[in-house]
Each structure stands twice: as C-alpha cells, then as structure tokens.
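# Coordinate analysis (summary)
This is what each chain is made of:
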Amino acid sequence: MMLCSLAAALLVFATTAHAADTAPVVDASAAWIRVLPGSLPAGAYVTFENRSTTALKIVGAESADYAEAMIHRSSTEGGMGRMEMVDSVPLPANGKVEFNPGGYHVMLEKPKHPVKAGDTLTITFDLSDGKKLPVTFIARPANATGPKD
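Overview of the structure. (Residues numbered from 1 in each chain as written. Predicted model: local features only at pLDDT ≥ 70, side-chain atom pairs only at ≥ 80, totals over all residues. Heavy atoms only, no water.)

## Examining the pattern of salt bridges
- For the structure shown, the criterion picks out seven salt bridges.
- Measuring nitrogen to oxygen at the nearest pair gives 2.6 Å for the salt bridge that ties D126 to K132.
- A cluster of three or more residues bridged by salt bridges with shared partners is formed by E62, D126 and K132. (Salt bridge = Lys/Arg side-chain N within 4 Å of Asp/Glu carboxyl O.)

## Details of the side chain of D65
- Among the structural elements, D65 can be located in the loop between β3 (56-62) and β4 (66-77).
- Put simply, D65 is tucked away with no salt bridge, and the nearest opposite charge, on K112, sits 8.0 Å away.
- Not counting chain neighbours up to four residues away, the residues in contact with D65 comprise K110, P111, K112, H113, L121 and T122. (Helix = DSSP H or I, 4+ residues; strand = E, 2+ residues; numbered from the N terminus. Buried < 20%, exposed > 50% of the residue type's maximum accessible area, 1.4 Å probe, protein only. Lys, Arg positive; Asp, Glu negative; His and termini not counted. Contact = heavy atoms within 4.5 Å.)

## Observations concerning the pairing of strand β8 (residues 104-111)
- Judged from the three bridges that link them, strand β2 (residues 42-50) and β8 form a sheet pairing that is antiparallel. Each bridged residue has a counterpart across the sheet, and for A42 the counterpart in β8 is L108. (Pairing = 2+ DSSP bridges.)

## Observations concerning the environment of E49
- Positionally, E49 belongs in strand β2.
- Residue E49 is classed as partly exposed on the basis of its relative accessible area, which comes to 33%.
- Along the primary structure E49 and V97 are separated by 48 residues, whereas in three dimensions their C-alpha atoms are 6.7 Å apart.
- In this structure, E49 is in contact with V25, V26, D27, G95 and K96, ignoring residues within four places of it in sequence.

## Digging into unusual backbone geometry
- With a phi close to 50 degrees, N94 is a non-glycine residue in the positive phi region.
- Among the residues examined, N94 registers a relative accessible area of 54% and is labelled exposed.
- Its identity is not glycine, yet K110 carries a phi of approximately 60 degrees, on the positive side.
- Along the chain, K110 falls in strand β8.

## Looking at the environment of A30
- Among the structural elements, A30 can be located in strand β1 (residues 26-34).
- Residue class for A30 comes out partly exposed when judged on its relative accessible area of 44%.
- A30 sits 108 residues away from I138 along the chain, and the two C-alpha atoms are 9.0 Å apart.
- In contact with A30, other than residues within four places in its own chain, are Y45, V46 and P147.

Okay, here's the thing in structure tokens:
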C-alpha cells in the first residue's frame, strides 16, 4: 500500500514538473505594427513579460509576411536620433521590456504582400532558452501611436 502511494506521489510530481517546464513563461501584449505607405519598412511594437525567475533574452525575430525582421533600438544622443540593430534584448526575471516608438522595435522590411491597417500578422520571437514565441500583431496606420488609437 505504501509503495502504491509513493508511486502515485512520484507520478504527480513528475507530471507537475513537466507541466511547469512546458508552460510558457513569457507573455506578449499590446502588439501592433505601424504600416507605412508602399514598401517602406514597418515598425513592430510589443510588451513582453517574463514570469520566470530566470533572466532571458530576446535573440531574434521572423515573420512569414516580411522578408526581413530585425530587432533595432532607436535612441537620441546630443540631439541626434539614431537607430542600430541589436543582437539581443535583455528580459529580466519577473520583469518586463517594452518595444515602443523611440526605443526597441522590430524593423520589418520587404513585405511579401500588401499590408494594410486592420490586418493581423504573426511575428515569432526567438528566446535565449531556445523557445519560440509567436505573437499576433494588429497593423495600424502610419499616424498611429499605439495598438488602439
């Protein structure tokens, strides 16, 4: 009887541990793309929340709707604006990072089809733990400042 109880407890523990390992630890919200006219590059913005106790990094992005998806950071130094491609974005344990106009964003180039305001598109992010995070974005017009304006 005791052996059966021990076996049952081990099974519950193993199932719970496996579920914790496979549960998503990074959430994404407020995902939107600022679509510019023609084939001009678009900017994608999103908020990530890391619900784990381990720091992660966002190390890449890709989209079936664009030929290129690169993570960039915009900044201003001495009154001059600049933009640079980055290899990774830190995502602290139990923390958030926001991709916003004027900061981190995904630069989307060479759309594979016309993209217009109201369309939904997916960008898949690569995380430093080897997992992939697909995120659904809403396309917004060129004058948009957020996902709902």
